[in-house]
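Understanding the architecture of this molecule
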Number of protein chains: 2
Amino acid sequence: MSRELRIGLLGCGTVGGGVLHLLKAQADALEAHVGARLDVARVLVRDASKSRPVAADRLTTDPAAVLEDEKIDLFVEVVGGETAAKGFIEQALHAGKPVVTANKLVLAKHGASLFGLAREKGVDLAFEAAIGGGIPIVRTLRDAMVSDRVVSLMGILNGTSNYVLTRMLDDGIDMAEAVRAAQDKGFAEADPSADLGGHDAAHKLGLLARLAFGVDLPVPTVEGIDAIEAVDHRFAARFGYCVKPLAIGRVSERGVELRVHPALVPNRSVLANVNGELNAVWFEGEGLGPCLVYGRGAGALPTAVSVVADIADVARALVAGVGGLSTTGTRAAQATADARAVPPGEVQTRYYVRFTVDDQPGVMATLAGALGARGVSIEQLVQDGRPSEGPATVVLLTHRAREADLRAALDDLNASEVRVKPPCVLRIEDPSGGGA
Amino acid sequence: MSRELRIGLLGCGTVGGGVLHLLKAQADALEAHVGARLDVARVLVRDASKSRPVAADRLTTDPAAVLEDEKIDLFVEVVGGETAAKGFIEQALHAGKPVVTANKLVLAKHGASLFGLAREKGVDLAFEAAIGGGIPIVRTLRDAMVSDRVVSLMGILNGTSNYVLTRMLDDGIDMAEAVRAAQDKGFAEADPSADLGGHDAAHKLGLLARLAFGVDLPVPTVEGIDAIEAVDHRFAARFGYCVKPLAIGRVSERGVELRVHPALVPNRSVLANVNGELNAVWFEGEGLGPCLVYGRGAGALPTAVSVVADIADVARALVAGVGGLSTTGTRAAQATADARAVPPGEVQTRYYVRFTVDDQPGVMATLAGALGARGVSIEQLVQDGRPSEGPATVVLLTHRAREADLRAALDDLNASEVRVKPPCVLRIEDPSGGGA
């Protein structure tokens, strides 16, 4: 138990500070778990004069002083951002050192080359904190599912979007007000567009697809939550649904389906009660059946706990002399672009469509006719407002339909005279395994 | 990659058959993950003439032929039951061999001695499948939480009870009918008393307490769901709650609280949508915050997937020459009985109390007075039925109160004349972290 492993910590912001804190506070427990003492030998900081829970002579503002220290056994990248972080990870892997990172952006954009490099060098590249900071989904898909196959997954992967939709529903407020509330609470950036637009969730979905399905494919459908209005929450509730920001992955004989968009989920489903800034990943294993992992998607301490869990895993493997198994023996590391992506138009699901229509006779018949002509059948339909009192809102839920057919029907309607403004179209998704 | 590890499989019922199937179907993936080929060398069966997916000469009905085979590297116990299984695990550990087991009964009853033996021999004793067959909660508490501390947990750990309560709520049927439905579906045994009485959940809670809190204590409060009537589901719904079979663990300065009983949980909480036969464990980490893991609590394939995940872990540790870390370096292995158990009367929570009262003036005043005299204050109260038309139902929700105080107030009432029959008392529990 006398062995010591030296850690090079790249970045010491809120997450890095949390990592330092945990490594110190839990030093004995980690030593027992890992079989070696963990020593933070070098820390890359922006401001070396600030006090941190390590000796001042270990702090440096020079990346090379950390990355070129040959005595470092493993690197932890928590600087964030893209270019510099990618360079650090690359340099560490090139030197044959394992890396723990929380950087979803870098892995989503450069995963193929970085995982390839890690595999070539036979070292671990661990990233639990990159998909939902406080959700143990990476180790679940990697370890618990080692003998099983994921057939589909559905996640609420962006806390900002989920918080905004939850506040709209709970407080009946509009999106602008909910976004301001999220900013006040620290759940949204000053510029929330990457979160609300679905891009952050798409990065995480790409990583999940790598882990769950062993594929390295772009996410073809990325839609934000901006089209949702308060009225959609009210209609969804009337039908027994709520609106959630979803990321969906599915494998079938038709190929791999990856999409990010808001959707209606049944109020009784477990995802419906993933509220506020909380995140969750639901998945279905061929043998395991339905499984869900839920927790905080962000935040300094939750993320730090996940980073330290990865440090412990990687350190244990180093002690045992079996480093690199996570990059050779897993679906994530062997992910291939050699899989068919289902084109968005071929996706089949149910739809919620909200029309604002003119007060004129025969409107309903026109709507129903246009959909029917394209083979889209209506399951339920409600109308709000009296036709004689100006524009009315018509909401319909369809049976399962091809996306291309629905879009064609809406284009047909667009060319007709009944439309007042473009309809709001939301998909309806139902994770199975919701119980009895 | 040419190394081979020899497995001795004890038991080949539905779970054992699933394990054999997965080991064969996923042989290559497991070899890549583990770094060794897994070979099922010996299988203990009841009927050696039945065909299985291994060569017939590896089947035996003689436990000694498996347990005394010195070439076996790791044992898998899936015979179930208590005495024989305990003996098998003990014998394997004594021989210095690691064991994977799905046996909650044996671990709950004999955990202290078996974990002690594993630690003494420096070998792993893995049990993911013993707490909710298809829920990866053991590795989550052990690995993801390695640098964190669980402060409280709340689980739906018995699929039979949850199925019965879900059917009562959804279909408005009574308990007897719901139990028959569970038996028809294969979710309940012919004698469902261990499930409905809370004993099965108590075994799992004991193991969770070991993992999460590092304590080895009996569960002092074990109450079944048998007192629940259809009317309780209706009243709970009126207040925005539903009735769930809970197992609760909590650590505070007052000690360790462990209890199993049905309780009201808010409809918006994530546990409220854990329906049917599904199980879940919610917990709160000091750093990680709220986390929930959800899935199938039983079933041959879900359980087999978890058993094989354990086999892979243990085999990897053997290959690396670091076997036994899981029994030396974890809270579960170091669990101590040296902790204060909070006596049931000291527990503080909110209560739902349903009285059936005689038609007589002043009943409400008597109820409220009796509770108030013991310092239990009422938050909400509703009455069903008119006082002039015979017995009425009065349901009240209390503010937070000491259990002993509530019981004393009910005893006082029992001695008065207003009571028709003993009230139905349910606790109200609210997992925090339910979102905005």
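What you see is a predicted model; the values in this text were computed from it and never measured. (Residues numbered from 1 in each chain as written. Chains lettered and ligands numbered in written order. Predicted model: local features only at pLDDT ≥ 70, side-chain atom pairs only at ≥ 80, totals over all residues. Heavy atoms only, no water.)

So, the relation of the copies chain B and chain A
With an RMSD of 0.0 Å, the fit of chain B onto chain A corresponds to turning through 180° and sliding 0.0 Å along the axis. Expressed as an axis order, the relation between the two copies is that of a two-fold axis. A share of 98% of interface residues in chain B that are also interface residues in chain A marks the association as one of identical surfaces. (Least-squares fit on C-alpha atoms with pLDDT ≥ 70 in both. Contact = heavy atoms within 4.5 Å.)

Points about empty space enclosed by the protein
In total, this model carries ten cavities of 30 Å³ or more according to the counting rule given. Here the largest cavity defines a volume of roughly 570 Å³. Lining the largest cavity are 28 residues, with Asp 143, Asp 313 and Arg 316 of chain A together with Asp 313 and Arg 316 of chain B sitting closest to its centre. Looking at the lining of the largest cavity, the elements with two or more residues in it are α6 (137-144), α12 (300-320) and α13 (325-328) of chain A together with α6 (137-144), α12 (300-320) and α13 (325-328) of chain B. Counting residues per element, the lining of the largest cavity draws most heavily on α12 of chain A, which supplies six residues. Residue composition of the lining of the largest cavity, by class: twelve nonpolar, four polar and twelve charged. (1 Å grid on protein atoms, 1.4 Å probe; cavity = no way out; pocket = protein on both sides within 12 Å on 5 of 7 lines; lining within 4 Å. Points joined across faces, edges and corners; volume = space filled by probe spheres on them. Helix = DSSP H or I, 4+ residues; strand = E, 2+ residues; numbered from the N terminus. Nonpolar A, V, L, I, M, F, W, Y, C, P; charged D, E, K, R; others polar.)

Focus: the sheet that holds strand β4 (residues 74-77) of chain A
In sheet architecture, strand pairing relies on hydrogen bonds along the backbone and comes in two forms, parallel and antiparallel. Residue and element names in this part refer to chain A. Judged by pairing direction, the sheet is parallel, and its six strands sit side by side in the order β3-β2-β1-β4-β5-β6 without closing on themselves. The sheet is open, and its two borders are formed by β3 (59-60) and β6 (125-126), each paired with just one other strand. As paired strands, strand β5 (residues 99-101) and β6 are joined by two bridges and run parallel to one another. The residue of β6 that forms the bridge with Val 99 is Leu 125. (Pairing = 2+ DSSP bridges.)

Some details on the domain arrangement of chain A
Residue and element names in this part refer to chain A. As assigned here, chain A comprises domain 1 (4-134 + 300-328), domain 2 (139-296) and domain 3 (345-428). Computed over C-alpha atoms, the centres of domain 1 and domain 2 are 28 Å apart. With 18 residues of domain 1 at the contact, the number on the domain 2 side is twelve residues. Here domain 1 and domain 2 share an interface that buries about 1400 Å² over both sides, 63% of which is from carbon and sulfur atoms. Three residues stand out in domain 1 for area buried against domain 2, namely Lys 104, Glu 128 and Ile 131, and they jointly supply 35% of the buried area on that side. Joining domain 1 to domain 2, the criterion identifies five salt bridges. In this structure, Asp 310 and Arg 139 form a salt bridge, with 3.0 Å as the shortest nitrogen-oxygen distance. (Domains from an automatic or database assignment. Buried area = accessible area lost by both parts, 1.4 Å probe. Salt bridge = Lys/Arg side-chain N within 4 Å of Asp/Glu carboxyl O.)

Description of helix α14 (residues 363-373) of chain B
Residue and element names in this part refer to chain B. Buried within α14 we find Val 363, Leu 367, Ala 370 and Leu 371. Along the axis of α14, the buried residues cluster in a sector spanning 95°; they form a single face. Residues Ala 365 and Ala 373 are exposed on α14 and point more than 90 degrees away from its buried face. (Buried < 20%, exposed > 50% of the residue type's maximum accessible area, 1.4 Å probe, protein only. Arc of directions from axis to C-beta.)

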